[in-house]
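Descriptive analysis of the structure
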Amino acid sequence: MEVTTTLWVLTVLGLAALIAVDFLIGRKPHDVSIKEAGIWTGVWIALAALFGLGLLLFGGGQPAGEFFAGFITEKSLSVDNLFVFVLIMAKFAVPSQYQQRVLLVGVLIALVLRAVFIAAGAAIIASFAWVFYIFGAFLIYTAWKLIQEARADEEDEEYEENKLLKAAERRFGVADRYHGTKLWIQQNGKRVMTPMLVVMLAIGTTDVLFALDSIPAIFGLTQDPYIVFTANAFALMGLRQLYFLIGGLLKKLVHLSYGLSIILGFIGVKLVLHALHESGVHVPEISIPVSLGVICSVLIVTTITSLRATRKQAAAEAAGAKDEEAPKKSIDV
């Protein structure tokens, strides 16, 4: 798909306008209700769907299919980000009314950093076709690692600040409490960061780690930087509302890591096959419709099995609680 400079500029301006509207709507700190989160999650998904339909009308089926496959993949991978976001919010004890502002700025930082990653990835791919082997091998390794982590019970998992964040805290200092939505204050004659700024940086910079997985994954579905960027943008921009909508459901998605590992492994194999094809080896390539079908099927099956597993676990725990209460009642009698 040929993308002109004008289209790039219009797209960036359009996304900036959407971010500005989102910021204005959520500028007043408040607790986000499930209803509000649900409405705006639907709005962002609808906007992504309209954008994909626009690609279908003006660019054809190929770019539209690549966008939808990339968007669904990035959206599903971003759900995994929410687990870490929950840990970050808990570690920094972010008041509930400020969490939406933290997520909005944190996601904006993540979007800018991902744009840098995408530009670098596109330049590398354009110059070195063999990088697909590296991307493919990395995704397959990441898929295996996800399975290992899913099999290990990590109930005591805690968020650990990255080195960049620790360096910023040492350099500028951090206030001992939140001061509304202020990012900097004067304390003892020195200008220091507030916990609000620290947690925003934590959200934004932590997403870079997830980008190491998601950017190679989407390049496995399309090599068009425009589609890669827009799919990432729409997936990230609705992440704030998704956090409040499914925050309580995250613990129920017990098989999510298995589903994501299958998706990453599948795209890794697709990348390796593409690299072999580019090297002149006659191997079958996986089409976008097949990729889209596999990704959607895995997510649906993963969600169903997760909900069934949590339902069975809840029933078993309830039965165990009744068994424990029975002897106590007989003793009382």
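Summary of the structure given here. Quantities reported herein were computed from a predicted structural model and do not represent experimental measurements.

With that settled, the discussion passes to the side chain of Ser261. Among the secondary structure elements, Ser261 is positioned in helix 10 (residues 256–278). At a separation of 2.6 Å, a polar atom in the side chain of Ser261 contacts the main-chain carbonyl oxygen of Tyr258. If sequence neighbours within four positions are ignored, Ser261 has contacts with Ala143, Leu146 and Ile147.

The first and last C-alpha atoms of helix 1 (residues 5–25) sit 30 Å apart over 21 residues, in line with the 30 Å expected at 1.5 Å per residue. Three or more residues of helix 1 are buried, namely Thr11, Leu15, Ile19 and Asp22. Burial along helix 1 is one-sided: seen end-on, the buried residues are contained in an arc of 70 degrees. Relative to its buried face, helix 1 has exposed residues pointing more than 90 degrees away, namely Thr5, Thr6, Leu10 and Leu13.

By volume, the second largest pocket is sized at about 360 Å³. If you go around the second largest pocket, the residues you meet are Phe71, Ile72, Lys75, Ser76, Val79, Leu242, Ile246, Leu253, Leu256, Leu299, Thr302 and Thr303. Looking at the lining of the second largest pocket, the elements with two or more residues in it are helix 3 (61–91), helix 9 (239–246) and helix 11 (288–332). Counting residues per element, the lining of the second largest pocket draws most heavily on helix 3, which supplies five residues.

Pairing between side chains of opposite charge can happen when the charged atoms of each approach one another. Counted under the stated rule, the structure contains one salt bridge. Of the charged contacts, one joins Glu74 and Arg114 as a salt bridge, the two residues approaching to 3.1 Å between their closest N and O atoms. Of this pair, Glu74 sits in helix 3 while Arg114 sits in helix 4 (residues 99–127); the two residues are 40 residues apart in sequence, bridging distant segments of the chain. Neither Glu74 nor Arg114 differs from the other in exposure class; each is buried.

Here the focus is unusual backbone geometry. Phi at Ala93 takes a positive value of approximately 50 degrees, unusual for a residue other than glycine. As for its placement among the helices and strands, Ala93 is situated in the loop between helix 3 and helix 4. Ala93 gets classed as exposed once you look at its relative accessible area, which sits at 53%.

Further remarks concern empty space enclosed by the protein. All chains considered together, the criterion is met by two cavities of 30 Å³ or more. Taken as a whole, the largest cavity encloses approximately 100 Å³ of empty space. Lining the largest cavity, in full, are Leu18, Ile19, Asp22, Trp44, Leu103, Leu104, Val107, Leu108, Leu111, Leu236, Met237 and Arg240. Only helix 1, helix 4 and helix 8 (225–237) provide two or more residues apiece to the lining of the largest cavity. In terms of residue count, helix 4 provides more of the lining of the largest cavity than any other element does, five residues in total. When grouped by side-chain class, the residues that make up the lining of the largest cavity number 10 nonpolar, no polar and two charged. Volume-wise, the second largest cavity comes out at about 70 Å³. Lining of the second largest cavity is provided by 11 residues; of these, Glu36, Trp40, Gln100, Arg240 and Gln241 occupy positions nearest its centre.

Rules used in this analysis
- Every chain's residues receive numbers from 1 upward, in the order its sequence appears when written.
- Residues qualify for local features only when their pLDDT is at least 70, as the model is predicted, and side-chain atom pairs are given and counted only at 80 or more; totals for whole chains, interfaces and linings, by contrast, use all residues.
- Side-chain calculation: all heavy atoms of the structure are included, whereas hydrogens and water are not.
- Labels follow the DSSP assignment, with helices taken as runs of H or I lasting at least four residues and strands as runs of E lasting at least two, numbered in each case from the N terminus.
- Here a polar contact means two N or O atoms within 3.5 Å. Within protein one must be a hydrogen donor candidate and the other an acceptor candidate, and residues neighboring in sequence count only if both atoms are side-chain atoms.
- Residue contacts are defined here by distance: any two heavy atoms, one from each residue, within 4.5 Å place the two residues in contact.
- Here the expected span of a helix is defined as 1.5 Å times the quantity of residues minus one.
- Buried means the residue's accessible area, taken with a 1.4 Å probe over protein chains only, is under 20% of the maximum for its type, while exposed means over 50%, and partly exposed covers the values in between.
- By arc we mean the arc of the directions from the helix axis to the C-beta atoms, nothing more.
- Here a cavity means grid points, on a 1 Å grid over the protein atoms only, where a 1.4 Å probe fits yet cannot get out; a pocket means an open set of points with protein on both sides within 12 Å along at least five of seven lines; lining residues are those with an atom within 4 Å of a point.
- Grid points are joined across faces, edges and corners, and a volume is the space filled by probe spheres set on the points.
- The rule for a salt bridge is simple: a side-chain nitrogen of Lys or Arg has to be within 4 Å of a carboxyl oxygen of Asp or Glu.
- Basically, the charged four are Asp, Glu, Lys and Arg, the nonpolar ten are Ala, Val, Leu, Ile, Met, Phe, Trp, Tyr, Cys and Pro, and anything else, Gly included, counts as polar.

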